[in-house]
Amino acid sequence: MPIRATVWGENVHEHKNKEVAANYPIGMHGQIAKLLSEDPNIVASTVTLQDPEHGMTEQKLDETDVLLWWGHAAHKEVDDAIVERVVERVWQGMGLIVLHSGHHSKVFKRLMGTPANLHWREAGERERIWVVNPGHPIAKGLPDYFELENEEMYGEPFSVPEPLETVFVSWFQGGEVFRSGLTYRRGAGNIFYFRPGHETYPTYHDKHVGLVLRNAVNWAFNENRYQNLMKAPNRPVDKAIEPIVERGAKLTRHPK
């Protein structure tokens, strides 16, 4: 069965900025989905902030194996109840790929438990993305490094938890460096943060960026869901794995 990837797009700058509209006439979310669709093992669809329930209905999440999230200008407009719905699905095993300024999205900060702050500069400078973990599945098929001629700079320190793995490190023309490809696991869900993707530049037309995204979807995929991770049930004495005798005082009487 193909992997069902859903691209969540904020879909704001495409309607307000002529450069963004020119770069992405089908929307950034549409272009990202187009890149993913080059892999016959991926079926990509899109939803946007403006859709009912921001596109993150229970049914749509049931139909999503891996969610890609791009946001920038409207993080605060995402309803907290929808954020919790998405976060719960990640804990249960849905894959999540957070792109560029999505580091400040409610979903990412909720899962990281940190501010996810960084330094930034919008100057159209060259970004050189080094593959520092060449054996990682997300780096499959990439050269030692690749370059984006125009990008927004992100600089360290990046206030996120220590990742499971660092796949990419970026150098910028102005001299800064940044950990630009990081993996995490929350519950049963695989998470990948990938830095490039400023909306005024044609980043999501780059062949190497497309390969990273396709690799990341395949890496993040988990065919199983573990809804029990969202519960904290009492296990009574008579259900213990080994026979035990209840003893001592306790605070609560749980019904059998």
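Everything numeric here is computed off the predicted structure, so don't read it as measured data.

A. Examining the overall build of the protein chain more closely. Scanning the protein chain from terminus to terminus reveals 6 helices and 9 strands. Residues classed as buried in the protein chain amount to 50% of the 256 residues present. Restricting to contacts in the protein chain with at least 6 residues of sequence separation, those with at least 24 account for 72%. A total of about 12,900 Å² of accessible surface is found on the protein chain, and carbon and sulfur atoms cover 52% of it.

B. Spotlight on the sheet that holds strand β9 (residues 189-194). With mixed pairing, 9 strands are arranged side by side in an open sheet as β2-β1-β3-β4-β9-β8-β7-β5-β6. Unpaired on one side and paired on the other, β2 (42-48) and β6 (145-155) mark the two borders of the sheet. With strand direction ignored, the average angle separating the axes of adjacent strands in the sheet is 25°. As paired strands, strand β8 (residues 177-186) and β9 are joined by 6 bridges and run antiparallel to one another. Residue pairing in the sheet places Thr-183 in a bridge with Phe-192 of β9. Strand contacts of helix α6 (residues 207-220): β1 (3-9), β2, β3 (66-70), β4 (95-99), β6, β7 (165-172), β8 and β9, with the helix running at about 165° to β9, the strand carrying the most contacts.

C. Highlighting the side chain of Thr-6. Structurally, Thr-6 can be placed in strand β1. Exposure remark for Thr-6: the relative accessible area of 0% places this residue in the buried category. Only 2.8 Å separates the side chain of Thr-6 from the side chain of Thr-64, close enough to count as a polar contact. What Thr-6 contacts, discounting residues up to four positions off in sequence, is Ser-45, Val-47, Met-56, Lys-60, Thr-64, Val-66, Leu-67 and Leu-68.

D. Molecular detail of the environment of Gly-174. Of note, Gly-174 is situated in the loop between β7 and β8. Separated by 171 residues in sequence, Gly-174 and Ile-3 have C-alpha atoms that sit 39 Å apart. Residues contacting Gly-174, with those up to four places away along its chain left out, are Arg-121 and Glu-125.

E. The arrangement of the packing of helix α2 (residues 28-36) against α6 in detail. Contact geometry for α2 and α6: axes closest at 9 Å, N-to-C directions at 75°. In terms of orientation, α2 and α6 fall into the roughly perpendicular class. Contacts from Ile-32, Leu-35 and Leu-36 in α2 reach Gly-210, Leu-213, Arg-214 and Val-217 in α6. The residue makeup of the contact of α2 with α6, split by class, is 5 nonpolar, 1 polar and 1 charged.

Definitions and cut-offs
- Residues numbered from 1 in each chain as written.
- Predicted model: local features only at pLDDT ≥ 70, side-chain atom pairs only at ≥ 80, totals over all residues.
- Heavy atoms only, no water.
- Helix = DSSP H or I, 4+ residues; strand = E, 2+ residues; numbered from the N terminus.
- Buried < 20%, exposed > 50% of the residue type's maximum accessible area, 1.4 Å probe, protein only.
- Contact = heavy atoms within 4.5 Å.
- Areas by Shrake-Rupley, 256 points an atom, 1.4 Å probe, with all protein chains shown as cover.
- Pairing = 2+ DSSP bridges.
- Axes fitted to C-alpha atoms, helices over the stretch in contact; angles between N-to-C directions.
- Polar contact = N/O pair within 3.5 Å; in protein donor to acceptor, adjacent residues only side chain to side chain.
- Parallel < 35°, antiparallel > 145°, perpendicular 65-115°, else oblique.
- Nonpolar A, V, L, I, M, F, W, Y, C, P; charged D, E, K, R; others polar.

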